[in-house]
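Survey of secondary and tertiary structure
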Amino acid sequence: MSQIMNSWAALGGRQRMVVLGATLAMVLAVWGLARIASAPNYSLLYAGLENGAAGDVVTALEQRNVPFEVRGGAIFVPESQRDELRLTLASEGLPANSGQGYELLDGLSGFGTTSQMFDAAYWRAKEGELARTIVANAQIASARVHIANSSANPFQRNVTPTASISVTTTGGSLSATQARALKYLVASAVPGLEPESVAVIDGKGGLIGAEDDNTGGPSADDKAALLRDRVQRLMEARVGQGNAVVEVSVDTVTESEMIRQRSFDPEGRVVISTDTEESTDTSQNQDGGDVTVASNLPDGNAGGGETSSSQSAETRERINYEVSETTREITKVPGAIKRLTVAVLVNGTYTDDGNGGQTFVPLPDGELEALRDLVSSAVGYDQERGDEITLRSLPFERPEGLGTGPIEPGLFTGVIDTMRLIQIAVLAVVALILGLFVVRPVLASADAAGAAGALPPPDGAYDAGPALDGEIEPMGGFGDLPMMGDGPDFSGMGMGDFDGSSSDDDPVDRLRNLIEERKTETVEILRSWLEEDKEKTS
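Residues numbered from 1 in each chain as written. Predicted model: local features only at pLDDT ≥ 70, side-chain atom pairs only at ≥ 80, totals over all residues. Heavy atoms only, no water.

So, the overall build of the chain
Where we set the bar: Elements are defined by DSSP. Helices are runs of H or I of four residues or more, strands are runs of E of two residues or more, and each kind is numbered from the N terminus. With a 1.4 Å probe rolled over the protein chains alone, any residue whose accessible area is under 20% of its type maximum counts as buried; one over 50% counts as exposed, and the rest are partly exposed. Residues count as neighbours in contact if any of their non-hydrogen atoms are within 4.5 Å of one another. We get accessible surface area from the Shrake-Rupley algorithm with a probe of 1.4 Å; when it comes to residues, only the shown protein chains can shield them.
Scanning the chain for helices and strands turns up 12 helices and 14 strands. Counting across all 538 residues of the chain, residues that qualify as buried make up 23%. Sequence separation of 24 or more characterises 70% of the internal contacts of the chain that already satisfy a separation of 6 or more. When the accessible area of the chain is evaluated, it comes to approximately 36600 Å², of which 53% is carbon and sulfur surface.

Section: the packing of aromatic side chains
Filter applied, for reference: To pair, rings of Phe, Tyr and Trp, with the six-membered ring standing in for Trp, must have centres within 6.5 Å; the planes then decide the type, stacked if under 30 degrees apart, edge-to-face if over 60, and tilted in the middle. Any Lys NZ or Arg CZ that is within 6 Å of a ring centre and within 35 degrees of that ring's normal is treated as a charge sitting over the ring.
In total, this model carries 2 aromatic pairs according to the counting rule given. With a centroid separation of 5.4 Å and 65° between ring planes, the pair formed by Tyr350 and Phe360 is classed as edge-to-face. A residue pair is termed long-range when its members are at least 10 positions apart, and Tyr350 in strand E12 (residues 349-352) and Phe360 in strand E13 (residues 358-361) qualify at 10 residues. Over the aromatic face of Phe76 sits the side chain of Arg71, whose NZ or CZ is 4.2 Å from the ring centroid. The cationic tip of Arg372 hangs over the ring face of Tyr381; the distance from NZ or CZ to the ring centre is 5.9 Å.

What about the side chain of Ser393?
Formally: Any N or O atom pair separated by 3.5 Å or less is treated as a polar contact, with the protein-specific requirement of one donor-capable and one acceptor-capable atom, and with residues adjacent in sequence counted only for side-chain atom pairs.
Tracing the backbone through its elements, the reader meets Ser393 in strand E14 (residues 388-393). Within polar-contact distance, the side chain of Ser393 engages the backbone nitrogen of Leu363 at 3.1 Å. Aside from chain neighbours lying at most four places away, what touches Ser393 is Val346, Asn347, Gly348, Phe360, Pro362, Leu363 and Leu368.

As for the packing of helix H7 (residues 220-239) against helix H8 (residues 365-379)
Applicable threshold: Here an angle of 0 to 180 degrees is reported between the N-to-C directions of two axes, which are lines fitted to C-alpha atoms, with helices fitted over the stretch in contact. Here the angle decides the label: under 35 degrees means roughly parallel, over 145 means roughly antiparallel, 65 to 115 means roughly perpendicular, and every other value means oblique. Handedness of a crossing is defined here by the sense of rotation of the near helix relative to the far one, left-handed for an anticlockwise turn of less than a right angle and right-handed for a clockwise turn. Polar here means any residue outside two lists: the nonpolar Ala, Val, Leu, Ile, Met, Phe, Trp, Tyr, Cys and Pro, and the charged Asp, Glu, Lys and Arg; Gly therefore counts as polar.
Close contact between H7 and H8 brings their axes to 9 Å; oriented N to C, the two are set at 150°. In terms of orientation, H7 and H8 fall into the roughly antiparallel class. H8 is crossed by H7, and the crossing has right-handed handedness. Across the interface between the two elements, Leu227, Arg230, Val231, Leu234, Met235 and Arg238 from H7 touch Glu367, Leu371, Leu374, Val375, Ala378 and Val379 from H8. Among the residues forming the contact of H7 with H8, the class breakdown is 9 nonpolar, no polar and 3 charged.

Section: the pattern of salt bridges
Applicable threshold: A carboxyl oxygen of Asp or Glu within 4 Å of a side-chain nitrogen of Lys or Arg is what we treat as a salt bridge.
Counted under the stated rule, the structure contains 11 salt bridges. For Glu367, the salt bridge is made with Arg238, and the minimal N-O distance between the two is 2.7 Å. Of this pair, Glu367 sits in helix H8 while Arg238 sits in helix H7, placing them 129 residues apart in sequence.

With respect to unusual backbone geometry
Its identity as a non-glycine residue notwithstanding, Asn65 has a phi of 55°, on the positive side. Residue placement: Asn65 occurs in the loop between helix H3 (51-63) and strand E2 (69-71).

Some points on the sheet that holds strand E4 (residues 140-148)
Defined as follows: Here, strands pair whenever DSSP counts at least two bridges between them.
Here 4 strands make up an open sheet; going across it, the order is E4-E5-E6-E7 and the pairing mixed. Edge positions in the sheet fall to E4 and strand E7 (206-208), since each of these pairs with one other strand and no more. Neighbour to neighbour, the strand axes of the sheet diverge by 25° on average, direction disregarded. As defined by bridge partners, E4 adjoins strand E5 (residues 162-169) across 8 bridges and the pair is classed as antiparallel. In the strand pairing of E5, Val145 is matched with Ile165. Packing of helix H5 (residues 115-135) onto the sheet brings it into contact with E4 and E5, and relative to E4 it is tilted by some 150°. Here helix H6 (residues 176-189) sits on the sheet in contact with E5, strand E6 (198-202) and E7, set at roughly 135° to E6.

Details of the sheet that holds E2
Strand-to-strand pairing in sheets goes through backbone hydrogen bonds, with the strands running parallel or antiparallel. With respect to topology, 3 strands assemble into an open sheet ordered E1-E3-E2, the strand pairing being antiparallel. Looking at which strands have only one partner, the edges of the open sheet turn out to be strand E1 (42-46) and E2. Across this sheet, the average inter-strand angle for adjacent strands is 40°, counted without regard to direction. The pairing of E1 with strand E3 (residues 74-78) spans 4 bridges and is classified as antiparallel.

Let's talk about the pairing of strand E8 (residues 244-252)
Where burial is concerned, the two faces of E8 differ: the one with Ala244, Val246, Val248, Val250 and Thr252 is buried and the one with Val245, Glu247, Ser249 and Asp251 is not. Of the pairings in the sheet, the one linking E8 to strand E11 (residues 337-346) comprises 9 bridges and is antiparallel in character. Residue Thr252 lies in a different strand from E11, and its bridge partner there is Ile337.

Considerations on the environment of Ala47
Its location among the elements puts Ala47 in the loop between E1 and H3. Measuring from C-alpha to C-alpha, the distance between Ala47 and Gly73 comes to 6.3 Å, with 26 residues separating the pair along the chain. Among all residues touching Ala47, those that are not within four sequence positions of it are Gly73 and Ala74.

Take it as geometry only, folks, not as evidence of what the structure does.
Have a look at this one:
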């Protein structure tokens, strides 16, 4: 303690200020290290909430006395309590969706409410209800629905409504199948709205499903993913999870086609009408015989006449038949499967080869054939269409299958994160720099000044004493030597501090070494002594 007080007394005013500032900085750095080490590690609870929903969450956290931090609209809580808080707040309906539904209509009264106001409130309520339904999906974090309907203007005709949906997902972007489902959901809730007039916009994937509006069905990628999931479930049920890889390629029809066919069946006749016409013709002829005088008299008898008659009949029948006719009109839209190829890679088993290694054993042919039949049934295999299925049993890169195992918790897993480690390292470096390059040099210079002293002061600064006679007392010590009044005190220092020798060396040698090292000071001291002696003798 006395050495510290002596060092402090040897410092100047500016040096004392530097030491005080460096010491304070070191104390603050150590305090910061301790605070960071003891402070809990905060992680994100919710982000992107509206003001009302964020306020409800903060209120719930304050009621539970849970420490939290708000950073730019995001709420952070201790990492050890994050999952529990999410489940607890979700059970209470937090964060609540700020979109209002049909309760908007409850605030309307019959007085002062115009038809335009009611229509606006009705469509706002409709949008809020649809948004609530969409957010009920666990994959969707938030949703907004906008409906453009001009039914309020009676002077506009043939104007169909349109709508748009903006969603934010919790994970990846929406698929085309999910986008079509949202389109039909909104189109079914709005009269006169067609699914093609609804646009679905994802915050991560952009406009979803626009390229599939004219296909009338799922895209080739959706079909391939659906078939791949089916086969993957079948394979993993037999060979285990991670021991099967399935890839499906679907070649679909991309152009539309319309076919009209008209055919006649000559064997298939049907009587549609029958027309029958019958005619009869009868005629009679009598011959007059010879002409005489008697035949000219009134009562005369014509003699010798013959009579002849004829009769004819005719029947006509007309039958009309209708030949069987078939007319077919076939329309082929894009999206039909043209060709299907399936590739399945399954892992086998491993046996010990007796030398500490493992030997791969593929699945037997009978089991591979059974798996191939399962794959054919799952994907709808059609040989005439040109489908192809390839099933192989080959060794995987990892004997235990694809993928990696769970990460084992280490010493610092979940205890400290990278940013916390960087902060501690920076503060530790600052404290080390302040200790090594500020406080230590100042204290070391103070100790050196107190031990070694400074240059001798001008003439007359030392007290006069007896002059040296040229003889060095071998064992008498140096008690008769004059002491410097204002100079440094060398009494506590050994000569080994200057020349590296031990303090146990001979005093004469130490004095000789001191004179050799400080020749200038020695000459100045002797000169001052000689001048003082001359003044006294004169």
